[in-house]
Amino acid sequence: MNLHDREAAALFHTYKRLPLEIDRGEGVYLVGRDGRRYLDMFAGLAVNALGYAHPRVTRAIGEQASRYTHLSNYFLQESQIALAELLRRHSGYPRVFFSNSGTEAIEGALKIARKWGATEGKTDILSLSNSFHGRTMGALSLMDRPKYRDGFGPFLDHCCVVPFNDAATLRKAVNRKTAAVVLEFIQGEGGVRPVSAEFARTLVALREETHFLLVADEIQSGVGRTGRFFGFEHFGVKPDLVTLAKPIGGGLPLGAILAGEEVASVLQPGMHGTTFGGNPVACAAGTAVIQEIEEKNLTARAALMGERLMKGLRALAGEFPVIREVRGYGLMVGAELDRPGDAMADAMREKGILINCTDTTVLRFLPPLIIGEEHVDQTVNTLKGILAAQ
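Residues numbered from 1 in each chain as written. Predicted model: local features only at pLDDT ≥ 70, side-chain atom pairs only at ≥ 80, totals over all residues. Heavy atoms only, no water.

K.L.:
What is the right way to read the sheet that holds strand E13 (residues 323-329) from this model?
P.N.:
Backbone-to-backbone hydrogen bonds join strands into a sheet, with any given pair of strands oriented parallel or antiparallel. With antiparallel pairing, four strands are arranged side by side in an open sheet as E13-E14-E17-E16. Only two strands of the sheet have a single neighbouring strand rather than two, namely E13 and strand E16 (356-358). Adjacent strand axes in the sheet meet at a mean angle of 25 degrees when their direction is disregarded. Pairing between strand E14 (residues 332-337) and strand E17 (residues 362-365): four bridges, direction antiparallel. Note on E17: the bridge partner recorded for Ala335 is Leu363. The sheet strands contacting helix H12 (residues 298-319) are E13, E14 and E17, and the helix crosses E13 at an angle near 170 degrees. (Pairing = 2+ DSSP bridges. Helix = DSSP H or I, 4+ residues; strand = E, 2+ residues; numbered from the N terminus. Axes fitted to C-alpha atoms, helices over the stretch in contact; angles between N-to-C directions. Contact = heavy atoms within 4.5 Å.)

K.L.:
Just to check I follow, could you spell out the nonpolar core for this structure?
P.N.:
Side chains of a nonpolar character, in soluble globular proteins, are inclined to be buried together. The biggest cluster of nonpolar side chains holds 91 residues, and the ones touching the most others in it are Leu183, Phe185, Val195, Leu203 and Leu244. For Leu183, the residues in contact, after removing those within four places along its chain, are Leu128, His133, Val195, Phe199, Leu203, Leu214, Val215, Ala216 and Asp217. (Core = buried A, V, L, I, M, F, W, Y, C linked by side-chain atoms within 4.5 Å. Buried < 20%, exposed > 50% of the residue type's maximum accessible area, 1.4 Å probe, protein only.)

K.L.:
Just checking my understanding: could you explain the packing of helix H13 (residues 342-350) against helix H14 (residues 373-388) for this structure?
P.N.:
Between two packed helices, what matters for the description is the angle formed by their axes and the separation of those axes. The contact between H13 and H14 brings their axes to 10 Å, and the two run at 115 degrees. H14 is crossed by H13, and the crossing has right-handed handedness. Facing H13, whose interface residues are Met344, Ala347 and Met348, H14 presents Thr379, Thr382, Leu383, Ile386 and Leu387. (Left-handed = near helix turned anticlockwise from the far one by under 90°.)

K.L.:
Is there a simple way to think about the packing of aromatic side chains in this case?
P.N.:
According to the stated counting rule, one finds six aromatic pairs in the structure shown. With a centroid separation of 5.0 Å and an interplanar angle of 85 degrees, the aromatic rings of Phe229 and Phe230 are classed as edge-to-face. Residue classification places Phe230 among the buried positions, given a relative accessible area of 1%. Ring-pair connections join several aromatic residues into one group, and the members of that group are Phe185, Phe229, Phe230, Phe232, Phe235 and Tyr329. In this arrangement the basic side chain of Arg37 is found over the ring face of Tyr29, its NZ or CZ atom lying 4.4 Å from the centre. The positively charged end of Lys238 is found above the aromatic ring belonging to Tyr93, 3.9 Å away from the centroid. (Phe/Tyr/Trp six-rings, centres within 6.5 Å; stacked < 30°, edge-to-face > 60°. Lys NZ or Arg CZ within 6 Å of the ring centre and 35° of its normal.)

K.L.:
Can you walk me through helix H9 (residues 197-210) in this structure?
P.N.:
In an α-helix, one turn spans 3.6 residues; hence positions three or four apart end up facing the same way. For H9, with 14 residues, the first-to-last C-alpha span of 20 Å sits near the 20 Å given by 1.5 Å per residue. Of the residues making up H9, those classed as buried are Phe199, Ala200, Thr202, Leu203, Leu206, Arg207 and Thr210. Projected down its long axis, H9 shows its buried positions confined to an angular sector of 160 degrees, all on one face. Away from the buried face of H9 by more than 90 degrees, exposed residues Arg201 and Glu208 are located. For H9, the secondary structure elements touched by its buried residues are strand E5 (124-128), helix H8 (167-173), strand E7 (178-183) and strand E10 (213-217). Taken from the residues just after H9, His211 is the one with a positive phi, measuring 65 degrees. (Expected span 1.5 Å × (residues − 1). Arc of directions from axis to C-beta.)

K.L.:
Which parts of the structure should I look at to understand unusual backbone geometry?
P.N.:
Trans peptide bonds make up most of the peptide bonds, and negative phi angles are found at most residues other than glycine. A cis amide bond, omega 0 degrees, links Gly153 with the succeeding residue Pro154. When you line up the elements, Pro154 lands in the loop between helix H7 (146-149) and strand E6 (159-162). For Ala46, which is not a glycine, the phi torsion comes out positive at approximately 75 degrees. Along the chain, the position of Ala46 falls in helix H2 (residues 43-46). One non-glycine residue with positive phi stands out, namely Val223, at about 65 degrees. Tracing the backbone shows Val223 in the loop between E10 and strand E11 (241-244). The exposure class assigned to Val223 is buried, which follows from its relative accessible area of 3%.

K.L.:
Would you take a moment to explain the pattern of salt bridges for this structure?
P.N.:
Side-chain pairing between opposite charges can occur once the charged atoms of the two side chains come close. Tallying each qualifying case throughout the model produces 23 salt bridges. In this structure, Glu292 engages Lys296 in a salt bridge whose closest nitrogen and oxygen atoms are separated by 2.8 Å. Its relative accessible area of 7% is what places Glu292 among the buried residues. Across the pair Glu373 and Arg308 runs a salt bridge whose closest N-O atoms are separated by 3.7 Å. Of this pair, Glu373 sits in helix H14 while Arg308 sits in helix H12; the two residues are 65 residues apart in sequence, bridging distant segments of the chain. Using a relative accessible area of 33% as the deciding quantity, one classes Arg308 as partly exposed. Through salt bridges with shared partners, a single ionic network connects Arg145, Arg193, Glu325, Arg327, Glu336 and Asp359. (Salt bridge = Lys/Arg side-chain N within 4 Å of Asp/Glu carboxyl O.)

In structure tokens, the structure reads:
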């Protein structure tokens, strides 16, 4: 039996696997068992910010694993504290809680919002249409897309989805019982769609008027990917809670919640916790990732490489009408087509470049932050060849 047959026989059938068998990763490339190299332009869905087998990350993992791989959270853990200190410095938020994943960070943020609002009777949580926050029940309660929700209800009470970028409806939906508004300032799974300036201004004004928590889901857009440390920084907004995951574990499972002192103080010992959240090996890897991003100025590099990528894609849009729109920030880029995009992603894979199709028609580019001009140009030129051959 080959690897695909073994997988089909042993695992739940929850993933549509690519027809590849990967042997290893090297920098910005994945290498198949047959030795073929693939330029990875979606980096484990924005997880592998430094690509594969980065020496700083592998060294940090090895050094921590040789000391211990797990301690109960009854114990102080230096690797947790070191990563939290880095996140505090880069974010300006004084308090950090570590989880196992992004969806678990969202669940924790929902608990914090409800606990914070309890004394004032604030129970309602608003979110935006076409969003993606994870696959646990709280996260699903914030979403409206049938493919994720159908058959899994009933969901949490007092959750309401507002149409994306509809400031007028948001204003009608917010009231004195609103505890939180949860959103991706740049929707990822939803097709790399940013909130409008008007919508962001309305959010800030409503928060001042009615006093709710603004929760930013930065799981895909955070830690330098958009050309700033957080995606919300492009919109002049300071959220009350921020959820992180994906790149902060260096490829290992790790999520986080960031908050100010007042909001964080609603949780006292025993009210919330986790067995594996803040795993010491994952935190050591995450520290290595953020240090490398900082020292090599990879956030600025993401802005430059993203600008080059979007310029190239927009040139293709001018030549090939199949591309309706190119949008994004830094190295979080979407090219919306006038048709389903899976066939285009398959054609790119056949040419040795891995991209992802999301929201049916959007080609999504989430490469490692270490890519160079040659990788960007190769991607654009390969896509041009495919379009020209159609």
